[in-house]
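Each chain, letter by letter, is given below.
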Amino acid sequence: MKISKTEEDGIVTLTLEGWLDTQAAPELEEALKDIRDDISALIFDCSALEYISSSGIRQIVSAHKRMNGNFALKNVSDEILGVLKVTGIANRIKIE
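Residues numbered from 1 in each chain as written. Predicted model: local features only at pLDDT ≥ 70, side-chain atom pairs only at ≥ 80, totals over all residues. Heavy atoms only, no water.

**Focus on the packing of helix H1 (residues 25–33) against helix H2 (residues 54–66)**
Consideration 1: Look at H1 against H2: their axes get within 9 Å of each other, and the N-to-C directions meet at 15°. One way to sum up the angle between H1 and H2 is to call them roughly parallel. H1 and H2 meet at a crossing whose hand is right-handed. Here Ala25, Leu28, Glu29 and Leu32 of H1 lie close against H2, whose contacting residues are Ser55, Gly56, Gln59, Ala63 and Arg66. (Axes fitted to C-alpha atoms, helices over the stretch in contact; angles between N-to-C directions. Helix = DSSP H or I, 4+ residues; strand = E, 2+ residues; numbered from the N terminus. Parallel < 35°, antiparallel > 145°, perpendicular 65-115°, else oblique. Left-handed = near helix turned anticlockwise from the far one by under 90°. Contact = heavy atoms within 4.5 Å.)

**Comments concerning the sheet that holds strand E1 (residues 2–8)**
Adjacent strands of a sheet form backbone hydrogen bonds with each other and so pair up, either parallel or antiparallel.
Consideration 1: Across the sheet, five strands lie side by side as E1-E2-E3-E4-E5; this open sheet has mixed pairing. The sheet is open, and its two borders are formed by E1 and strand E5 (94–95), each paired with just one other strand.
Consideration 2: Pairing geometry for strand E3 (residues 41–52) and strand E4 (residues 71–74), over four bridges, is parallel. Of the residues in E4, the one forming a bridge with Phe44 is Leu73.
Consideration 3: Docked against the sheet, H1 engages E1, strand E2 (11–20) and E3, running at close to 170° with respect to E2.
Consideration 4: Across the sheet, H2 is in contact with E2, E3 and E4; its angle to E3 comes to roughly 170°. (Pairing = 2+ DSSP bridges.)

Here it is in structure tokens:
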């Protein structure tokens, strides 16, 4: 998995590319640790995300909690959205 980070006006966007699975989840966890406390919002751009496992969903929930709800997913594919709906995450996290 590849993670790219951009920051603009206090908003950090992490672009996720590839598979967010058990092997890649620790990499995302490390990237989240590098997010400063003064960041106002966090966005995961999922336009290049091909697959997500329960480990990846755990990282999404962790990011949402850390940002006190100032978190969103954008450019989510139908396949990933289906997984998020089945797990109930789609009802709790902003998806653009």
